[in-house]
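Structural overview for review
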Amino acid sequence: MADDARETARLWRINRTIHELVNDRGFQVSDEELKMDLNTFQAHYAQNGRVDRNLLNFFTNSRLNPSDQIFVFFADEKSVGIKTMRRFIHILDEKAIQRGVIIYPTAMTPSSRKVIAQMAAQYTLEEFAESELLVNITKHKLVPRHEVMSPEEKKELLDKYRLRESQLPRIQLGDPVSRYYGLKRGQVVRIIRPSETSGRYASYRMAF
């Protein structure tokens, strides 16, 4: 019973973080989901004291472009293999959604990761371990605020300072913040830090 309670609290935190992530990427998420407390989460998703991961799956639309959708899939297989990946892809195909995030309990087999690479031309697929979502990395006090710039803002930045892309500092695609925002190669983030003299200052990094 105590183990079930700990697992419920753990999945509640993971569920909250993935909703914050999707919201921060510009997709529609209700305040109810973002602010859901543990008791409400348990009432919604726990059956006989255990959370059913299948009930945590959800999809939503971009706030700017309703046709742009994302599907979040909680795998219940501890080590995700081909069978789970086929189920994940089948749901994306059935709903005609091109973006998908799979959240796995423990590990993904090499063959399941190959599926992500093989489907890259058709789908934008991402994977996160549950342990990576226990805490929202962007809310850590040592992580400054990151803002993903639009292509227009990036062009204005380069024109303003007469820079070439190659002159911008870099942020790796594998960086936890890059993964949180789903950065693509060439995208630029504005990083806001406090400053003792000017209140705050901005720096810029390009994903590579």
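Named according to an unreviewed UniProt entry, the protein chain is DNA-directed RNA polymerases I, II, and III subunit RPABC1 originating from Calocera viscosa. Check the Subcellular location (unreviewed entry) section of the UniProt entry for the protein chain; it says "Nucleus". Regarding the protein chain, the UniProt comment filed under Sequence similarities (unreviewed entry) reads as follows: "Belongs to the archaeal Rpo5/eukaryotic RPB5 RNA polymerase subunit family."

We now examine the sheet that holds strand S10 (residues 170-171). Taking strand neighbours across the sheet as the criterion, the 4 strands line up as S9-S11-S12-S10 in an open arrangement whose pairing is mixed. Two strands bound the open sheet, and with one partner strand each, they are strand S9 (145-148) and S10. Taken together, the 8 bridges between strand S11 (residues 188-195) and strand S12 (residues 199-207) define a ladder with antiparallel strand orientation. When the sheet's bridge partners are listed, arginine 193 is paired in S12 with tyrosine 201. Sheet strands in contact with helix H6 (residues 151-161) are S9, S11 and S12, and its direction is about 65° off that of S11.

Cross-referencing UniProt, the feature "domain: RNA polymerase Rpb5 N-terminal" (unreviewed entry) maps to residues 6-90 in the present numbering. Structurally, residues 6-90 comprises 47% helix and 19% strand, and the distance from its first C-alpha atom to its last is 32 Å.

The next subject is the environment of asparagine 54. Mapped onto the elements of the fold, asparagine 54 is located in the loop between strand S2 (50-51) and strand S3 (58-61). When the C-alpha atoms of asparagine 54 and phenylalanine 71 are compared, they prove to be 13 Å apart, with 17 residues separating the residues in sequence. Here asparagine 54 is in contact with Asp76 and Arg87, once residues within four sequence places are set aside.

Another aspect to go through is the pairing of S11. Along S11, 6 of the 8 residues are buried, which leaves the element largely enclosed by surrounding structure. Bridge count between S9 and S11: 4 bridges; the pairing is antiparallel. Across the sheet, residue valine 148 finds its bridge partner in S11, namely valine 189. The hairpin turn running from S11 into S12, its antiparallel successor, is 3 residues long.

The subject of this paragraph is unusual backbone geometry. Its identity is not glycine, yet asparagine 48 carries a phi of approximately 55°, on the positive side. Residue classification places asparagine 48 among the exposed positions, given a relative accessible area of 82%. One non-glycine residue with positive phi stands out, namely alanine 96, at about 55°. With respect to the element layout, alanine 96 can be found in the loop between helix H4 (82-95) and strand S6 (99-104).

Turning our attention to the side chain of glutamate 33. Take glutamate 33: it is sitting in helix H2 (residues 31-34). Buried charged residue glutamate 33 carries no salt bridge. Nearest counter-charge: arginine 16, at 10 Å. If we skip the residues at most four places from it in the chain, glutamate 33 touches Asn15, His19 and Tyr45.

Here the focus is the UniProt feature "domain: RNA polymerase subunit H/Rpb5 C-terminal" (unreviewed entry) in the protein chain. With numbering matched to this structure, UniProt assigns "domain: RNA polymerase subunit H/Rpb5 C-terminal" (unreviewed entry) to residues 135-206. Helix makes up 24% of residues 135-206 and strand 31%, whereas the separation of the span's terminal C-alpha atoms amounts to 25 Å.

Turning next to the nonpolar core. Ile18, Val22, Phe41, Val72 and Ile103 are the most contacted members of the largest nonpolar core, which has 32 residues in total. Counting residues per element, the ones that place at least two in this core are helix H1 (2-24), helix H3 (38-45), strand S4 (69-74), S6, helix H7 (176-181) and S11. The biggest single contributor to this core is H1, with 6 residues. When residues are assigned to domains, this core turns out to be shared by domain 1 (1-135) and domain 2 (138-207), each giving three or more. Apart from the residues lying within four places of it in its own chain, the contact partners of valine 22 are Phe27, Val29, Phe58, Thr60, Ile70 and Val72. Among the nonpolar cores identified, the runner-up in size contains 18 residues, and Phe73, Val80, Ile97 and Ala129 belong to it.

Conventions we followed
- Residues numbered from 1 in each chain as written.
- Predicted model: local features only at pLDDT ≥ 70, side-chain atom pairs only at ≥ 80, totals over all residues.
- Heavy atoms only, no water.
- UniProt positions renumbered as here; feature names shortened; annotations may be inferred.
- Pairing = 2+ DSSP bridges.
- Helix = DSSP H or I, 4+ residues; strand = E, 2+ residues; numbered from the N terminus.
- Contact = heavy atoms within 4.5 Å.
- Axes fitted to C-alpha atoms, helices over the stretch in contact; angles between N-to-C directions.
- Buried < 20%, exposed > 50% of the residue type's maximum accessible area, 1.4 Å probe, protein only.
- Lys, Arg positive; Asp, Glu negative; His and termini not counted.
- Salt bridge = Lys/Arg side-chain N within 4 Å of Asp/Glu carboxyl O.
- Core = buried A, V, L, I, M, F, W, Y, C linked by side-chain atoms within 4.5 Å.
- Domains from an automatic or database assignment.

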